[in-house]
Amino acid sequence: MAEGESGAGGDGGAGEDGCPLHEREVEIRSAGQAVGALTRPAGAGTGELLVYTGAAGLGKTAVLTEVRREARRAGCTVLFARGGERQRHEPFRVVRQLVQPVLAALSDEERAQVFGPWEDIVGPAVGLLPPGGQLDPQGVRDGLDFVLTRLVQLRSPVAVIVDDLHWADPESLGWLAGFAVRARELPALLVLACRDEFPDDALTLQRGLVGRADRRHELRPLQPASVAHLVRAALGAEAEDAFCRHVWAVTAGNPYETTALLREVADQRLDPVEESTGQLRELAAGARGMTLRHWLDKIGPTTLQFAWAASMLGTDIRPDLAAVVCAQGPETAAESVRELRRHGVLTSTPGGRLEFVHPLIATSVYQSMPPATRTGMHGVAAVETENAGLGLLTASRHLLETLPEGDGEIVGKLRRAAREHLAIGAPEAAQRCLRRAISEPPAAEDRAAVLYELGCSALLTDPATTVNQLRLALADPYGLGPELRVDAIFRLAQALAHSNRLGEAAAVCAEEAARTLPGPGRLRLEVAHFMFAAFQFEDEDGPGRSRRLAEFDRMLETVGLAFSDTDSGTDTGAVGGPAPDQAMFEQNGLAHAVAVLRCWDLTLRGADREEAIALAESALPGGRLPRSLGWTNTTWGFELPGILGISYLYADRVDRAEELFTEAVRAYEVAGWSGGHLGFAYLLTGMLRFRCGALAEAEDYLRRALRIAERIGPGTPLHWDAVGALAETLAARGRLAEALELADTHAFGPPYPTVMVLPDARTLYGRLLLARGDAPGAAAALTAAGAALDARGWRNTVWAPWLGHLARAVAPDEPDRARDLAGEAVRRARESGTDSAVGSALRLSAAVHDRPRAAELLAQAVRHLERSPARYEHAIALVDLGEALGTGPAARAALARGLELATHCGAEALAARAGDLLRTGAAG
């Protein structure tokens, strides 16, 4: 609702006539104080959350009307919205009411300033742009935060006022719950009013908002004296005390019920004397008006038809649309409006719309409709709402109220509405439409496709729903077409993997591939099987799977050549283009996907870096990710470009890794994917920064990743990755106590998720135990990690440097074994030929040798590390070398270089250690 509009009348006590609100002085004064604090001079205003609660009819709307007036008088920009009982299934409806009028009135320059890079994400949600592709709900919420923050800065101070919060749509409510925290840091006053009783599905969010209030006022019923004042104001000063007292008893001091009862008393011309009190209870029951008979007697059948139409349209009612829904011509509709205004049912808003004087009246009118009439009018409303240009987003809520009839047209509309809901970041609304479409039901041959769409709609937010619905779609007797079935299997496997069920994900792809006819679809499933198996930490036949992957790669090359030869002929059936199978083969990027998987396999096995890099380069035609491997492409998901970048990182090709990870952050931010995908991109960027020795930047990115992981929920692979990588970074910065506290807070340790984490959590857990001084515990954890890694065939000493750290753990009691372990780590590192791997292994090996041998190993480590991007590792090696050399110019030079590099990396403890060694003369 636009700034300055008054909306409907109050909950009782005072309407639009300016009568004083009884017993609400404290509540109004509190609002005045909050507005005063907001508009404090010199930009010192601070935001607050002000909440009014209470049962229906106690005056919340009337109080909010006064708050709006006070805010406008104080010079605030007022954003107002009201939840609607009938409109709770319209996603972002409350958000649109709040911001659409103000945003639509901005100049082009102001609009660019307010939206920034978020226009394509937020625009569809607030109704200023048509829906586009599917959006991540968290991205939309983050974009709304940005836009509202910029709007507040542009038009401060701002009062954001929401009435009837208990009927807000879940999407708006979810955003408000987060913005309420941010609003305290802005010159923004957030004022909410809601009933004490809450719908179950919104209970947690609403109570969370109420619980965070800076000022909370629970409205109470009126005392007898205030009710007597209302009685005499309505019926005359001669109203007897006994009559007034009985009105209070009958209405329990509820302002709305008191006003409604007094209207009935006046209509019945009942004298306000003690002898009339016997009729008050019956009149009060009638005034609540929940029956068809009451409304027929009060306004008649024709006017009631219009009221019914208005009640199902909700709030901000278009008179012309209500007239069409109830099949009334202009003159009849105008007369109905006059009658409803005269009886205090509807009121007009400055924008030419209608609203019910009180939500209880709207509820009463709606519930008085016979069920068959209600269903039929919703069906008409669905058609006429769409015809009026309000779109399927609005019309779909009416379709949800109709009875199933097996109407294919309705199924089609619901499916299109679901796509539009997904395009504004409202997957729950999309799922409501698709569930209703299934109950219609769709034609037998379409049912599997609708189930498939329902499953896919929940992939980003509810993997369990995705698994259930896709299994139903795949088991449907009519089934899915071959291409859609392959895609459904892949989505099912993704959902299983995201639910920490990697074994099932790999198995379902393998089983379906065995049933699928030869061709690109089968090949995609076989590649998917290899992909999900590649992320499993435990595999009974890891080395064997590596061999089969190499054989599959050679076979795939043959298939690709066969397609190429077929396309060169004249019998393909294609005109001016490739054969269908070849097109699908290329579109799916099968060869590129397998190249990435082989590259990752070689990386984890610690094989020759040159061979791994060659495979990585073959997956990047022209030096860029192909479309099929794009970060937001759904053909394979984010996993493949992610492991491609990590492979480059572990091969010391940080230039390539940085290009990929920078592109990931940009792609997800542009697409508005602010959930797990962006968290993963932050994680990868943080790991890159750590590897390059930019520890402060690494910490920043990893904290961002952890915040997103915490929003999603504990126990996910992203959560494990972020906690582990951040703990390692904090320890590197010299904040070991903070690193250990982080690990304890997030229960970082066994049991681990089945998904292979980055870096290896088992090795990192052992290192944390070693840092605590628990050498036996560290040795046991690292030994177990090493056994599992060796069984899997993973020998990469950078991703999982368990050998070097195990050597340190056992060195005090088993020095010979420690040296053997350290030597094996160096041998494995040399197999890869990566300078950072060799240098790090040599540095760890030095820790278990005597000083002369340690100095030799550290000198070698420094030579390798200075050729690598691993600046932090290089700094450690220099400081260790200086300490091992003991005295002399060479020792001082190593320490000085180590100090400089450690300071540049942000490794405070290492820099302090180097400085201490120089100052105390340990180096002579």
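Residues numbered from 1 in each chain as written. Predicted model: local features only at pLDDT ≥ 70, side-chain atom pairs only at ≥ 80, totals over all residues. Heavy atoms only, no water.

Right, let's talk about the overall build of the protein for a bit. Broken down by element type, the protein carries 45 helices and 7 strands. Along the longest, intermediate and shortest principal axes, the C-alpha atoms of the protein span 110 × 80 × 50 Å. The proportion of buried residues among the 924 residues of the protein is 58%. Long-range contacts, defined here as pairs at least 24 residues apart, represent 69% of the contacts in the protein between residues at least 6 apart. Once the 96 positive and 121 negative side-chain charges of the protein are each reduced to a mean point, those two points are 3 Å apart. (Helix = DSSP H or I, 4+ residues; strand = E, 2+ residues; numbered from the N terminus. Buried < 20%, exposed > 50% of the residue type's maximum accessible area, 1.4 Å probe, protein only. Contact = heavy atoms within 4.5 Å. Lys, Arg positive; Asp, Glu negative; His and termini not counted. Charge placed at Lys NZ, Arg CZ, Asp CG, Glu CD.)

Attention now goes to the nonpolar core. Across soluble globular proteins, nonpolar side chains show a tendency to be buried alongside one another. Counting 185 residues, the largest nonpolar core has Phe532, Leu597, Trp631, Trp636, Leu640, Trp799 and Tyr872 as the members making the most contacts within it. Apart from residues no more than four positions distant in its own chain, Phe532 is found in contact with Phe490, Ala493, Gln494, Ala497, Leu502, Ala505, Ala506 and Cys509. (Core = buried A, V, L, I, M, F, W, Y, C linked by side-chain atoms within 4.5 Å.)

Here we come to the side chain of Arg491. Tracing the chain through its elements places Arg491 in helix 24 (residues 482-498). Given a relative accessible area of 7%, Arg491 falls into the buried group. Not counting the four nearest positions on each side in its chain, Arg491 is found in contact with Cys456, Leu459, Thr466, Leu470, Arg524, Thr634 and Thr635.

This next bit is on the environment of Gly521. Here Gly521 shows up in helix 26 (residues 520-534). It is 6.1 Å that separates the C-alpha atoms of Gly521 and Val486, two residues lying 35 residues apart in sequence.

Across the sheet, which stays open at both edges, the 5 strands sit in the order 2-3-4-1-5 with parallel pairing between neighbours. Of all the strands in the sheet, the pair left with one neighbour each is strand 2 (77-82) and strand 5 (215-218). Each neighbouring strand pair of the sheet contributes to a mean axis angle of 10 degrees, computed without reference to strand direction. Direction of pairing for strand 2 relative to strand 3 (residues 158-163): parallel, over a ladder of 6 bridges. Within strand 3, the residue paired with Arg82 across the bridge is Asp163. (Pairing = 2+ DSSP bridges. Axes fitted to C-alpha atoms, helices over the stretch in contact; angles between N-to-C directions.)

With an omega of -5 degrees, the peptide bond running from Ser156 to Pro157 counts as cis. With respect to the helices, strands and loops of the structure, Pro157 is situated in the loop between helix 6 (137-155) and strand 3. Residue Pro441 is reached from Glu440 by a cis peptide bond, and omega for that bond is -5 degrees. Of note, Pro441 is situated in the loop between helix 21 (427-439) and helix 22 (444-457). Positive phi, close to 55 degrees, is recorded for Arg269, a residue that is not glycine.

This part is about the side chain of Ser647. Looking at where Ser647 falls in the secondary structure, it is placed in helix 31 (residues 639-650). For Ser647, a relative accessible area of 4% translates into the label buried. Filtering out sequence-adjacent residues up to four positions away, Ser647 remains in contact with Cys599, Trp600 and Thr603.

A complete count under the given rule lists 12 aromatic pairs for this structure. Measuring from ring centre to ring centre gives 4.9 Å for Trp175 and Phe179, while their planes differ by 20 degrees; the resulting arrangement is stacked. Taken together, the residues Trp175 and Phe179, both in helix 7 (residues 170-183) and 4 residues apart, mark about one turn of the helix. With relative accessibility at 1%, the residue Phe179 sits in the buried group. For the ring pair Trp794 and Trp799, a centre distance of 5.5 Å and an interplane angle of 85 degrees mean the geometry is edge-to-face. On the basis of relative accessibility, which here comes to 3%, the residue Trp794 falls in the buried class. Among the aromatic side chains, those forming a connected cluster through ring pairs are Phe490, Phe532 and Trp636. The side chain of Arg86 reaches across the aromatic face of Tyr366, ending 3.7 Å from its centre. (Phe/Tyr/Trp six-rings, centres within 6.5 Å; stacked < 30°, edge-to-face > 60°. Lys NZ or Arg CZ within 6 Å of the ring centre and 35° of its normal.)

Taking 1.5 Å as the rise per residue, helix 11 (residues 255-267) with 13 residues should run 18 Å; its terminal C-alpha atoms sit 18 Å apart, in good agreement. Among all positions in helix 11, only Pro255, Tyr256, Thr258, Ala260, Leu261, Leu262, Glu264 and Val265 are buried. Looking at the buried residues of helix 11, the elements they touch are helix 9 (224-235), helix 10 (241-251), helix 12 (280-288), helix 13 (292-299) and helix 17 (359-367). Capping the start of helix 11 is the job of one residue whose side-chain oxygen sits 3.0 Å from the backbone nitrogen of Tyr256: Asn254. At the C-terminal side of helix 11, Arg269 shows a positive phi close to 55 degrees. (Expected span 1.5 Å × (residues − 1). Polar contact = N/O pair within 3.5 Å; in protein donor to acceptor, adjacent residues only side chain to side chain.)

Attention now goes to the pairing of strand 1 (residues 48-53). Buried residues dominate strand 1, accounting for 6 of its 6 residues. With 6 bridges joining them, strand 1 and strand 4 (residues 188-194) adopt parallel strand pairing. In the strand pairing of strand 4, Glu48 is matched with Leu189. As judged from the 4 bridges shared by strand 1 and strand 5, these two strands associate in the parallel manner. Residue pairing across strands places Tyr52 opposite His217, the latter belonging to strand 5.

Applying the stated rule across the entire model yields 63 salt bridges. The partner of Asp241 in a salt bridge is Arg232, and the shortest N-O contact between them spans 2.4 Å. In this structure Asp241 comes out as exposed when scored by relative accessible area, which is 58%. Residue classification places Arg232 among the partly exposed residues on the basis of a relative accessible area of 26%. (Salt bridge = Lys/Arg side-chain N within 4 Å of Asp/Glu carboxyl O.)

To continue, consider the packing of helix 39 (residues 802-810) against helix 40 (residues 815-832). At a minimum axis separation of 8 Å, helix 39 and helix 40 run at an interaxial angle of 165 degrees. Here helix 40 runs roughly antiparallel to helix 39, going by the angle between their axes. Once helix 39 is placed against helix 40, the crossing between them reads as left-handed. Across from Trp802, Leu803, Gly804, Leu806, Ala807 and Val810 in helix 39, the residues of helix 40 making contact are Pro815, Arg817, Ala818, Leu821, Ala822, Glu824, Ala825 and Arg828. Taken together, the residues of the contact of helix 39 with helix 40 sort by class into 10 nonpolar, 1 polar and 3 charged. (Parallel < 35°, antiparallel > 145°, perpendicular 65-115°, else oblique. Left-handed = near helix turned anticlockwise from the far one by under 90°. Nonpolar A, V, L, I, M, F, W, Y, C, P; charged D, E, K, R; others polar.)

Moving on: the packing of helix 20 (residues 408-422) against helix 21. For the pair helix 20 and helix 21, interaxial distance at closest approach is 8 Å and the crossing angle is 170 degrees. Relative to helix 21, helix 20 is oriented roughly antiparallel. Of the residues in helix 21, those touching helix 20 at Val411, Leu414, Arg415, Ala417, Ala418, His421 and Leu422 are Pro427, Ala429, Ala430, Cys433, Leu434, Arg436 and Ala437. Within the contact of helix 20 with helix 21, the residues separate by chemical class into 11 nonpolar, 1 polar and 2 charged.

A separate point is the pairing of strand 2. Where burial is concerned, most of strand 2 is hidden: 6 out of the 6 residues are buried. Residues Thr77, Leu79 and Ala81 of strand 2 are buried on one face, and the alternating residues Val78, Phe80 and Arg82, pointing to the opposite face, are buried as well.

Turning our attention to the environment of Leu190. Along the polypeptide, Leu190 turns up in strand 4. Judged by its relative accessible area of 1%, Leu190 falls in the buried class. With 584 residues separating them in the primary sequence, Leu190 and Asp774 have C-alpha atoms 51 Å apart. If we skip the residues at most four places from it in the chain, Leu190 touches Glu48, Leu49, Leu50, Val160, Leu176 and Ala180.

Turning our attention to the state of the cysteines. Note on terminology: a disulfide is the covalent bond linking the sulfur atoms of two cysteines. With the rule as written, the count across this model stands at 0 disulfides. Between Cys905, a free cysteine, and Cys692, which holds the nearest cysteine sulfur, the sulfur-to-sulfur gap is 9.7 Å. Here Cys905 falls in the buried class, since its relative accessible area comes to 2%. (Disulfide = S-S within 2.5 Å.)

Let's shift gears to the environment of Ser546. Residue placement: Ser546 occurs in helix 27 (residues 542-568). Judged by relative accessible area, Ser546 falls into the buried class, the value being 9%. The spacing of Ser546 and Val250 is 296 residues in sequence and 81 Å in space, taken between C-alpha atoms. Ignoring sequence-local partners within four residues, the contact set of Ser546 consists of Asp601 and Arg605.

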